[in-house]
Every structure is written in structure tokens, then in C-alpha cells.
Amino acid sequence: MAEMIKLAGADGFEFNAWHEQAFTPHKGGVIVIQEIFGIDRHVRADVERWAKMGYEAIAPAMFDRLEREFHAEHDDEGIKAGIAQARATPLEQALGDIAACRDFLNKHGGRVHVVGYCYGGSLTWLAACKLTGIAAASSYYGSMVQANAALKPLCPSIVNLGRTDPGIPADDVAAAIAEHHGESVPVYIYEGADHGFNNESPERYSAEAADLARHRTLELFDKA
């Protein structure tokens, strides 16, 4: 059963998190990190997908300190509002909330993994590099990955990018990762896929890319 729960960050602030138990025999935990649009139906659908694949899943509401139950549409106004929320949220604070989710899932047994999209893809890369106790991480089209490519992941990690993403030059990101990590951090570039290809909104979704990236992510998590 999926439900909204509250968790305390390192600063004592209680933030919301969308939580769902594993449907099948428990394989561990997955922290699902949102895009800039908040805990919307797409994030909840992703949490459900991971639960169906055997992982207890949780998605922290990253912007709760600024605005409870923040939700933005996928239009120009919503994108502008979401970017403002992300820029106003200190990275260390965000990582602290991810760590709180890690600690919550650790209590229930199994290894804890991280997957994130857009804004969450950047946080996933940073969490992999800065937080201990993460078993594996799969970053999707995070705009801050290239600038932080020199950071060394503390766990097995992969990066997923859309070839036609206008804001993230896939080849440049891949080159930066390869420069610092060689082949130890696979970067997968999905031909014909735009930014947000895992999101099932009509304007962004690519079923082929989403399915392949999820298969690779599940394989990474199951082996970690």
C-alpha cells in the first residue's frame, strides 16, 4: 500500500515522502528522487514500478522546506517554478534528506539504491559520490553531472542520457565521465530520446529508451 509518510532530516525538519512496500519478496530499498515538478503522478508511478520489482521504494519531497506539497505542470510556468525551487534548495540539505531516506530503508533490511531523474539525476550522482551506505546508483539526465564528473562514486553507478536532450550534451557528459573514471562508470546514450524520456508525459516519453534504461538499472541494483 502506498502512502505519504514523514521523515526527519538532519536539521530535524520533517519532510514528506511517498512510500510503498515491495510487492514481491523484499530485495532491498530504492530511493526515487524527483524531477523539478515535485511528487507528482509520474514520481508515484515510478515508486510503484520499483515496488512491483521487489524493492521497497520511497520518494522524498525535496522542496518541502520551501513549499509543502509543491506541484508544477510541464509547461513554461511550471518549469520556471520548479527550477526556482531547485536553485533555492541547498545541495547539502538535499543530500541530508536522501540520507534520511537511506537510514529509514536500512531499518527494513537489504541494500539501498538510488535512482533519480532530471534534478533527481543530478542528486543521484552527488549521492553516489558523497553518501556512504548506497549500494548502487542510476542517474537519469542530470544537468549537474558533467560539472561534477571528477567526483568519484562510492558505489557502482550508471548514467542515462537522451541523445536529443537540448540542455545536456550527451557526448560531452560521456567524455567527462570517461576522462575521470574510464569504463568503470557506464554512460548510456539513448538514440532519439529527449530530456525526461522516462517520464510518461506525452511530450517527453520514449517507451523504448525508458524500458532499456530501467532494465539496465534493475540489473545494476540486483547485482549490487
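Structure first, text after, so check above.
Only a predicted model underlies this, so the values are computations on that prediction, with no experimental measurement involved.

How each quantity is defined
- Residues numbered from 1 in each chain as written.
- Predicted model: local features only at pLDDT ≥ 70, side-chain atom pairs only at ≥ 80, totals over all residues.
- Heavy atoms only, no water.
- Buried < 20%, exposed > 50% of the residue type's maximum accessible area, 1.4 Å probe, protein only.
- Helix = DSSP H or I, 4+ residues; strand = E, 2+ residues; numbered from the N terminus.
- Pairing = 2+ DSSP bridges.
- Right-handed = clockwise from strand over helix to strand, strands pointing away.
- Salt bridge = Lys/Arg side-chain N within 4 Å of Asp/Glu carboxyl O.
- Contact = heavy atoms within 4.5 Å.
- Polar contact = N/O pair within 3.5 Å; in protein donor to acceptor, adjacent residues only side chain to side chain.
- Axes fitted to C-alpha atoms, helices over the stretch in contact; angles between N-to-C directions.
- Parallel < 35°, antiparallel > 145°, perpendicular 65-115°, else oblique.
- Nonpolar A, V, L, I, M, F, W, Y, C, P; charged D, E, K, R; others polar.
- Phe/Tyr/Trp six-rings, centres within 6.5 Å; stacked < 30°, edge-to-face > 60°.
- Disulfide = S-S within 2.5 Å.

Burial runs high along strand β6 (residues 136–140): five of the five residues are buried. Every second residue of β6 is oriented toward a common face, with Ala-136, Ser-138 and Tyr-140 on one face and Ala-137 and Ser-139 on the other, all of them buried. Judged from the five bridges that link them, strand β5 (residues 111–117) and β6 form a sheet pairing that is parallel. The residue of β6 that forms the bridge with Tyr-117 is Tyr-140. At this point the chain moves from β5, through helix α4 (residues 119–130), to the parallel β6, and the crossover so formed is right-handed. By the bridge criterion, four bridges tie β6 to strand β7 (residues 157–162) in an arrangement that is parallel. Paired with Ser-139 across the bridge in β7 is Val-159.

On to the pattern of salt bridges, then. Side chains bearing opposite charge may pair, as long as their charged atoms lie close to each other. What the rule picks out here adds up to 14 salt bridges. In this structure, the salt-bridge partner of Asp-64 is Arg-68, at a minimum N-O distance of 3.0 Å. Judged by relative accessible area, Arg-68 falls into the partly exposed class, the value being 38%. Among the ionic pairs, Glu-92 bridges to Lys-130, the shortest N-O distance being 3.5 Å.

Bringing the pairing of strand β8 (residues 187–190) into the picture now. With four bridges joining them, β7 and β8 adopt parallel strand pairing. Across the sheet, residue Gly-162 finds its bridge partner in β8, namely Tyr-190. For the handedness criterion, the β-α-β arrangement of β7, helix α5 (residues 170–181) and β8 is classed as right-handed.

The residue His-181 is located in helix α5 in this model. We classify His-181 as buried; its relative accessible area is 11%. Sequence separation between His-181 and His-113 is 68 residues; the distance between their C-alpha atoms is 20 Å. Contacts of His-181, omitting those with residues within four sequence positions, involve Trp-125, Ala-149, Ala-150, Leu-151, Lys-152 and Pro-153. Polar side-chain contacts of His-181 include one of 2.7 Å to the backbone oxygen of Ala-149.

At a minimum axis separation of 10 Å, helix α3 (residues 91–106) and α4 run at an interaxial angle of 75°. The orientation of α3 with respect to α4, classified from their angle, is roughly perpendicular. Across from Leu-91, Glu-92, Ala-94, Leu-95 and Ile-98 in α3, the residues of α4 making contact are Tyr-119, Leu-123, Leu-126, Ala-127 and Lys-130. Here the contact of α3 with α4 is composed, by residue class, of eight nonpolar, no polar and two charged.

So, on to the packing of aromatic side chains. By the definition in use, this model includes 11 aromatic pairs. Here the aromatic rings of Trp-50 and Phe-221 are separated by 5.3 Å at their centres, their planes lie at 40°, and the arrangement is tilted. Here Trp-50 is found in helix α1 (residues 41–52), whereas its partner Phe-221 is found in helix α6 (residues 207–223), with 171 residues between them in sequence. We note that Trp-50, like Phe-221, is buried. Chaining the aromatic ring pairs together yields one cluster made of Tyr-117, Tyr-140, Tyr-141, Tyr-190 and Phe-197.

Here we take up the state of the cysteines. Going through the model one piece at a time under the given rule, you end up with zero disulfides. Free of any disulfide, Cys-101 has its nearest neighbouring cysteine sulfur in Cys-155, separated by 16 Å. With a relative accessible area of 0%, Cys-101 lands in the buried category. With no disulfide of its own, Cys-118 lies closest to Cys-129 among cysteine sulfurs, the gap being 18 Å.

Purely geometric numbers; function is a separate question.
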